[in-house]
Amino acid sequence: MESTATMAKRGLVMVITGNGKGKTTSAFGQALRAIGQGYRVCMIQFMKGRKYGEVLAAEKYLPNFTYYQFGLDSFVMRDNTAPVDIDLAKLGLEKAKEVINSGEFDMVILDEINVAVDFNLITKAEVLQLVRSKPSDVDIMLTGRYAFEELKELADMVSEVKEIKHHYAAGIKDRAGIEY
Ligand code: ATP
Ligand code: MG
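So, a few notes on the structure that sits alongside this text. (Residues numbered from 1 in each chain as written. Chains lettered and ligands numbered in written order. Predicted model: local features only at pLDDT ≥ 70, side-chain atom pairs only at ≥ 80, totals over all residues. Heavy atoms only, no water.)

## Thoughts on the site of ligand 1
Move 1: Within the structure, ligand 1 sits among 14 residues, and K21, K23, E112, E163 and E179 are positioned closest to it.
Move 2: Within the side chain of E112, one N or O atom sits 2.8 Å away from an oxygen atom of ligand 1.
Move 3: H166 is positioned such that a nitrogen or oxygen atom in its side chain is 3.1 Å from an oxygen atom of ligand 1.
Move 4: Coverage of ligand 1 by the protein amounts to 86% of the 580 Å² it exposes when considered alone.
Move 5: A breakdown of the residues in the shell around ligand 1 according to their chemical character gives 1 nonpolar, 6 polar and 7 charged. (Near = heavy atom within 4 Å. Polar contact = N/O pair within 3.5 Å; in protein donor to acceptor, adjacent residues only side chain to side chain. Areas by Shrake-Rupley, 256 points an atom, 1.4 Å probe, with all protein chains shown as cover. Nonpolar A, V, L, I, M, F, W, Y, C, P; charged D, E, K, R; others polar.)

Listed below in structure tokens is the structure:
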């Protein structure tokens, strides 16, 4: 029998969803943990254009972290998506296919991809196809609220971050170092 050390790793499909704060930070935490163990990690961020603190830190201090962003700095509204939002999400999906199948990464994180599906920027079928056709040893993580049912069924791990309270309700919003 093959030993554990030589056995090909079984790549996991992990989903972090829910309406509370902590999904993207969880994904960056997972990336950091994986990099510490020698993984080559790629994160693709959908729908967001701002500079995240984790990315600023990674640029300065972290090797083996590759990052692509496909979004504008402005907020995308569910009922008011612009053609550019769709174009960017489609480019993000193409990039995701490329990096997942490149052999250059052990873990690929698709941050906010669930929201891109919910907002109809990309389809459920496209995401399911992407997940089903991934190389068996690549770990992938898909984040964002509103993860759809078939994806949750397909995944090996699903966690839901549930809001109990958020400082936004007290008028405290958008702090560097907390929100981005
Ligand atoms: P974070 O990036 O801090 O881990 P998140 O990825 O879970 O948050 P998103 O759904 O991506 O959260 O929302 C982006 C922003 O909205 C975050 O800056 C977050 O603080 C804020 N946010 C998240 N959940 C809530 C909430 N329940 N009420 C108000 N604002 C929220
Ligand atoms: Mg997020």
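Still more to cover.
## Notes on the coordination of the magnesium ion (ligand 2)
Move 1: Donor atoms from the polypeptide that coordinate the magnesium ion (ligand 2) comprise T24 (OG1) and E112 (OE), at 2.0 to 2.1 Å from the metal. With T24 in helix α1 (residues 23–36) and E112 in the loop between β4 (107–111) and α4 (113–118), this pair connects stretches of sequence that are 88 residues apart. (Donors = N, O, S within 2.8 Å, 3.2 Å for Na, K, Ca; no water. Helix = DSSP H or I, 4+ residues; strand = E, 2+ residues; numbered from the N terminus.)

## A closer look at the sheet that holds strand β1 (residues 13–17)
Move 1: Here 6 strands make up an open sheet; going across it, the order is β3-β2-β4-β5-β1-β6 and the pairing parallel. This sheet does not close on itself; its edge strands, each paired only once, are β3 (65–70) and β6 (157–160). Ignoring which end each strand starts from, the neighbouring axes of this sheet average 10° apart.
Move 2: Across 4 bridges, the pairing between β1 and β6 is parallel. The residue of β6 that forms the bridge with M14 is M157.
Move 3: Relative to the sheet, helix α3 (residues 83–101) contacts β2 (41–46), β3, β4 and β5 (139–143), its axis offset from that of β2 by approximately 165°. (Pairing = 2+ DSSP bridges. Axes fitted to C-alpha atoms, helices over the stretch in contact; angles between N-to-C directions. Contact = heavy atoms within 4.5 Å.)

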